[in-house]
Amino acid sequence: TDLLNRCKAPNKRTALIVDAFNECPHDKKDRFLQELQSFVLKEPLPVIFTAQSPLQLPQHLRGETLIFADLSLEERKAVFEAHSGDFHGDVASLVQPFKTPLELSLAGQCVSESMADVPQMTKTDLLETYTRRLTVRTGEPQKVRELFMRMAEAMADQLAYSLPLREIEQVASTISDH
């Protein structure tokens, strides 16, 4: 409640965002929802849930549902082209690995910034540039790259597109500090 009081300001609305609710352990969801519903009854404020699947919420917490659809190929190409400058290569194959507008804009920027070095950008070149751009900001790009590679191997072994956080932590713990 102290945090909520600090968030309250004249002419400002406060909302509570519960991100990735689907990742909450199943045995803890009911208790969490009961506590949240009790809190919202005492402190009326909007609650926004994000999840990767539809939610079954108590009546008092239900509201409008928005479902974000994947971008079409034409939409993905448009976002990419808006950020890639004068690139005239095979955009359809380059945008294939990228799904979100953020990923597509970063990929487009990578192409734009790399055209002098790699005039005929391939998907491999773009993924390499994209990965380098993301990892260089971490301060330990080699370790992050190694983590990405090991995560990719683990996902390939499991035929999966994602890993639970505990598995990522296990993979990360095997990377040397040297």
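## Regarding the overall build of the protein
Part 1: Broken down by element type, the protein carries 8 helices and 2 strands.
Part 2: Going from the N terminus to the C terminus, the protein shows its helices and strands as α-β-α-β-α-α-α-α-α-α.
Part 3: A globule of 178 residues ought to have a C-alpha radius of gyration of about 16 Å, yet the protein, at 21 Å, is considerably larger.
Part 4: Its C-alpha atoms give the protein principal-axis dimensions of about 60 × 40 × 35 Å.
Part 5: Buried residues in the protein amount to 25% of all 178 residues.
Part 6: Within the protein, contacts between residues at least 6 apart in sequence are counted, and of these 52% link residues at least 24 apart.

## Points about the nonpolar core
Soluble globular proteins tend to bury their nonpolar side chains together.
Part 1: Phe 80, Phe 87 and Leu 126 are the most contacted members of the largest nonpolar core, which has 14 residues in total.
Part 2: By residue number, the principal contributor to this core is helix α5 (residues 101-114), which donates 5 residues.
Part 3: Apart from the residues lying within four places of it in its own chain, the contact partners of Phe 80 are Phe 87, Val 91, Leu 94, Val 95, Leu 104, Ala 107, Gly 108, Val 111 and Leu 126.
Part 4: Membership of the second largest hydrophobic core comes to 11 residues, among which are Leu 33, Leu 45, Phe 49 and Leu 61.

## Points about the layout of surface pockets
Part 1: When its volume is computed, the largest pocket comes out at roughly 1,400 Å³.
Part 2: Lining of the largest pocket is provided by 31 residues; of these, Pro 97, Lys 99, Glu 103, Met 155 and Tyr 161 occupy positions nearest its centre.
Part 3: It is helix α7 (residues 141-158) that provides the largest number of residues to the lining of the largest pocket, a total of 6 residues.
Part 4: Here the second largest pocket is characterised by a volume of approximately 700 Å³.
Part 5: If you go around the second largest pocket, you meet 19 residues; those closest to its centre are Phe 49, Leu 55, Glu 64, Thr 65 and Leu 66.

## Focus: the pattern of salt bridges
Part 1: In total, this model carries 8 salt bridges according to the counting rule given.
Part 2: Close ionic contact of Glu 35 with Arg 31 constitutes a salt bridge, the shortest N to O distance being 3.1 Å. Linking Glu 35 with Arg 31, this pair stays in helix α2 (residues 26-42), spanning 4 residues, or about one helical turn.
Part 3: With a relative accessible area of 45%, Glu 35 lands in the partly exposed category.
Part 4: For Arg 31, a relative accessible area of 56% corresponds to the exposed category.
Part 5: In this structure, the salt-bridge partner of Glu 140 is Lys 143, at a minimum N-O distance of 3.0 Å.

The rules behind each value
- Residues numbered from 1 in each chain as written.
- Predicted model: local features only at pLDDT ≥ 70, side-chain atom pairs only at ≥ 80, totals over all residues.
- Heavy atoms only, no water.
- Helix = DSSP H or I, 4+ residues; strand = E, 2+ residues; numbered from the N terminus.
- Rg over C-alpha atoms; globule rule 2.2 N^0.38 Å.
- Buried < 20%, exposed > 50% of the residue type's maximum accessible area, 1.4 Å probe, protein only.
- Contact = heavy atoms within 4.5 Å.
- Core = buried A, V, L, I, M, F, W, Y, C linked by side-chain atoms within 4.5 Å.
- 1 Å grid on protein atoms, 1.4 Å probe; cavity = no way out; pocket = protein on both sides within 12 Å on 5 of 7 lines; lining within 4 Å.
- Points joined across faces, edges and corners; volume = space filled by probe spheres on them.
- Salt bridge = Lys/Arg side-chain N within 4 Å of Asp/Glu carboxyl O.

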